[in-house]
Amino acid sequence: MAKTYVTAVIMAREGCETRLEEELRKVVDAVRAEPGCLRYDLHRSGYGNAFLFYEIWESPAHLEAHGRTPHMAAMHEATADLTACPAEVNLWEAVDAG
């Protein structure tokens, strides 16, 4: 199976940037320990209100399992009132990756 690449952009509600970052950071180690997770990095924009997860998964099945984990459900619940809009999630296929 082909690797699965994901970007997820999460926008903080005004005044909630610090709390949102704290909640997003809570899942990083647990996700990195999941089967099939090759990369899971959290970034924050220079403007401070946008966060980006960059992810690489061994397969679409691993990504699907990731979405059903208890820690992801807890993160979604904890961040629901901290975000300005639904996350923008995109799946990517490698064209020329090293």
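Residues numbered from 1 in each chain as written. Predicted model: local features only at pLDDT ≥ 70, side-chain atom pairs only at ≥ 80, totals over all residues. Heavy atoms only, no water.

Draft legend 1. Local environment of the overall build of the chain. Counting its secondary structure elements, the chain contains three helices and four strands. Sequence-ordered secondary structure for the chain, helices as α and strands as β, is β-α-β-β-α-α-β. Relative to a compact globule of 98 residues, whose C-alpha radius of gyration would be 13 Å, the chain shows 13 Å and is just as compact. Viewed in the frame of its principal axes, the chain has a C-alpha envelope of about 40 × 30 × 20 Å. Looking at the chain as a whole, 37% of its 98 residues are labelled buried. Here the chain has roughly 6,400 Å² of accessible surface; of this, 53% comes from carbon and sulfur atoms. With 9 positive and 16 negative side-chain charges, the chain shows a separation of 4 Å between the mean positions of the two kinds. (Helix = DSSP H or I, 4+ residues; strand = E, 2+ residues; numbered from the N terminus. Rg over C-alpha atoms; globule rule 2.2 N^0.38 Å. Buried < 20%, exposed > 50% of the residue type's maximum accessible area, 1.4 Å probe, protein only. Areas by Shrake-Rupley, 256 points an atom, 1.4 Å probe, with all protein chains shown as cover. Lys, Arg positive; Asp, Glu negative; His and termini not counted. Charge placed at Lys NZ, Arg CZ, Asp CG, Glu CD.)

Draft legend 2. Structural detail: the side chain of glutamate 21. Relative to the elements of secondary structure, glutamate 21 occurs in helix H1 (residues 17-32). With a relative accessible area of 16%, glutamate 21 lands in the buried category. Leave out the neighbours within four places in its chain, and glutamate 21 touches Arg44 and Phe51. (Contact = heavy atoms within 4.5 Å.)

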